[in-house]
Amino acid sequence: MNAAAATVPIILNPSARRGAVLRRIDPLTKAFAAHGLEATFIRSTSADHAGQLAADFAAQGSDLVVALGGDGMARAVAAGLVGTETALGVIAGGRGNDLIGKLGIPNDIEAAAAIVAAGRDRTIDVLDLDGKISLGNVCLGLDSTVQHHANTARVIRGRWVYLYGVVRALLPPKRIELELTIDGQHLAFRGLTAGFANSGRYGGGLRLSPEAALDDGLIDVVLLREGFLPKLAVEVVEYSLGRHHRHPHIHFAHAREVKIDVPEGAAPVEIIVDGDAIAQTPATVTIRPSSLKVRVPHDR
């Protein structure tokens, strides 16, 4: 990082995880100072506010803007940086932190600060859901229920909270019906979940897609069809742990645009974006290739 970028803006949500993210401010300040950087913390009031703050820093010529939080905060800050020359840095402060897992950024504050100070800038794709940015995945169906159970769990922690959510969501599963148009080809889908992946990671290290790459210019389409529940449950858990063989109920495809709707007269379906429910059908997901710079380790 050059001398002009010695002051690094860090955007955070002070109420995230019931204020727990605030405990990272002092260690981060010291870790940045050890690398000759001055950390400036800016508190956002909403996702839109975080995006606007980031956009303002980009307009002022900042080389880097850091998001302190989970995947939702990374997405919010990235929304203001897409299409600019300003890179997104990420410091873990959420529950899942799946984006940093994909990028090879550690949870450890000192190690992550070292990457902010001396890492390289990599250009990645983002998903665009009717103007809303996604860095990880856009999902409908089972994932909505999984997220609800994970968010309400009080005893289980880490990646296991999402496996708990998967098991709870399957007892019994709620089916969805969608009308999909995948790169112009119509597909009537009835099943448990439909996922559209960029990073392919969710739930603290679980896998939505085995092939997802952040810079291939493609959406990974993952459809989980109906099946005999006990067998399906085993498939889903194995699949979520990254064991992606012998799963006949799971369908893969690649696309650049997916239109999502429901059959005529059906109620809208909730859409989960990087772990947050922020939209509903109908909607269109497109890929925006090579549109965001991110600060990563040199081996990534």
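Placed above this text is the structure.
Residues numbered from 1 in each chain as written. Predicted model: local features only at pLDDT ≥ 70, side-chain atom pairs only at ≥ 80, totals over all residues. Heavy atoms only, no water.

Asks: Looking at this structure, I do not really get the overall build of the protein chain. What am I missing?
Replies: Scanning the protein chain from N- to C-terminus turns up eight helices and 17 strands. Counting every position in the protein chain, which comprises 300 residues, the buried fraction comes to 52%. A fraction of 71% describes how many contacts in the protein chain between residues 6 or more apart in sequence connect residues 24 or more apart. Summed over its atoms, the accessible surface of the protein chain is roughly 13,100 Å², and 50% of this surface lies on carbon and sulfur atoms. (Helix = DSSP H or I, 4+ residues; strand = E, 2+ residues; numbered from the N terminus. Buried < 20%, exposed > 50% of the residue type's maximum accessible area, 1.4 Å probe, protein only. Contact = heavy atoms within 4.5 Å. Areas by Shrake-Rupley, 256 points an atom, 1.4 Å probe, with all protein chains shown as cover.)

Asks: Would you mind going over the pattern of salt bridges with me for this structure?
Replies: Two side chains carrying opposite charge are able to pair once their charged atoms lie near each other. Taken as a whole and judged by the stated rule, the model has seven salt bridges. With a closest N to O distance of 3.8 Å, Asp98 and Arg201 form a salt bridge. Pair noted here: Asp98 is in helix α4 (residues 98-103) and Arg201 is in strand β10 (residues 201-202), with a separation of 103 residues, a long-range link. As far as the burial class goes, Asp98 and Arg201 line up, both buried. (Salt bridge = Lys/Arg side-chain N within 4 Å of Asp/Glu carboxyl O.)

Asks: Is there a simple way to think about the pairing of strand β17 (residues 283-296) in this case?
Replies: Consecutive residues of a regular strand have side chains that alternate between opposite faces of the sheet. Pairing of strand β4 (residues 87-92) with β17 involves two bridges; the strand directions are parallel. Counterpart to Leu88 in the pairing with β17 is Val294. Pairing geometry for strand β5 (residues 120-129) and β17, over nine bridges, is antiparallel. When the bridges of β17 are listed, Arg122 appears paired with Val294. With four bridges joining them, strand β14 (residues 257-261) and β17 adopt antiparallel strand pairing. Looking at β17, one finds that Ile260 is bridged to Ala283. (Pairing = 2+ DSSP bridges.)

Asks: I tried to follow unusual backbone geometry on my own but got confused; where do I start?
Replies: Excluding glycine, residues mostly carry a negative phi; peptide bonds, for their part, are mostly trans. Cis geometry marks the peptide bond from Thr281 to Pro282; its omega dihedral reads 0°. Mapped onto the elements, Pro282 comes out in the loop between β16 (276-280) and β17. At Asp130, a position not held by glycine, the phi torsion is positive, near 50°. Positionally, Asp130 belongs in the loop between β5 and β6 (132-134).

Asks: Would you take a moment to explain the nonpolar core for this structure?
Replies: One broad trend across soluble globular proteins is that nonpolar side chains are buried collectively. Counting residues in hydrophobic clusters, the biggest one holds 52 residues, and the most contacted among them are Ile11, Phe32, Val77, Leu81, Leu88, Leu135 and Leu292. It is helix α5 (residues 109-118) that contributes the most residues to this core, six residues altogether. Once you skip the residues sitting within four places of it in the chain, Leu135 turns out to touch Ala74, Arg75, Ala78, Leu88, Leu99, Val126, Asn198, Ser199, Leu214, Asp274 and Leu292. (Core = buried A, V, L, I, M, F, W, Y, C linked by side-chain atoms within 4.5 Å.)

Asks: Whenever I open this one, the packing of helix α1 (residues 25-33) against α5 confuses me. Can you help?
Replies: To describe two helices that pack against each other, one gives the angle between their axes and the distance between the axes. Packing of α1 against α5 brings their axes to within 9 Å, and their N-to-C directions diverge by 45°. On the basis of the axis angle, α1 is oblique to α5. Crossing hand, α1 versus α5: right-handed. Of α5, the residues touching α1 (which contributes Pro27, Leu28, Ala31 and Phe32) are Ile109, Glu110, Ala113 and Val116. (Axes fitted to C-alpha atoms, helices over the stretch in contact; angles between N-to-C directions. Parallel < 35°, antiparallel > 145°, perpendicular 65-115°, else oblique. Left-handed = near helix turned anticlockwise from the far one by under 90°.)

Asks: I'm lost on α5 in this one. Help?
Replies: Note: α-helices contain 3.6 residues per turn, so residues at a spacing of three or four share the same orientation. What α5 keeps buried is the set Ile109, Ala112, Ala113, Ile115, Val116 and Ala117. Buried residues along α5 sit against α1, β3 (64-69), β4 and β17. At the N-terminal boundary of α5, the capping side chain belongs to Asp108, with an oxygen 3.2 Å from the backbone nitrogen of Glu110. (Polar contact = N/O pair within 3.5 Å; in protein donor to acceptor, adjacent residues only side chain to side chain.)

Asks: When you look at the environment of Pro282 in this model, what are you seeing that I'm missing?
Replies: Residue Pro282 is classed as exposed on the basis of its relative accessible area, which comes to 54%. Taking the C-alpha atoms as reference, Pro282 lies 9.9 Å from Leu180; in sequence the two are 102 residues apart. Once you skip the residues sitting within four places of it in the chain, Pro282 turns out to touch Asp130, Ile260 and Asp261.

Asks: Is there a simple way to explain the packing of helix α2 (residues 47-59) against helix α3 (residues 71-79) in this structure?
Replies: Two elements in contact, α2 and α3, have axes whose closest approach is 6 Å; the angle formed by their N-to-C orientations is 45°. By the angle between their axes, α2 is oblique relative to α3. Between α2 and α3 lies a crossing whose hand is right-handed. Note on element contacts: α3 touches α2 through Met73, Ala76 and Val77, opposite Ala47, Ala50, Gly51 and Ala54. The class makeup of the residues in the contact of α2 with α3 is six nonpolar, one polar and no charged. (Nonpolar A, V, L, I, M, F, W, Y, C, P; charged D, E, K, R; others polar.)

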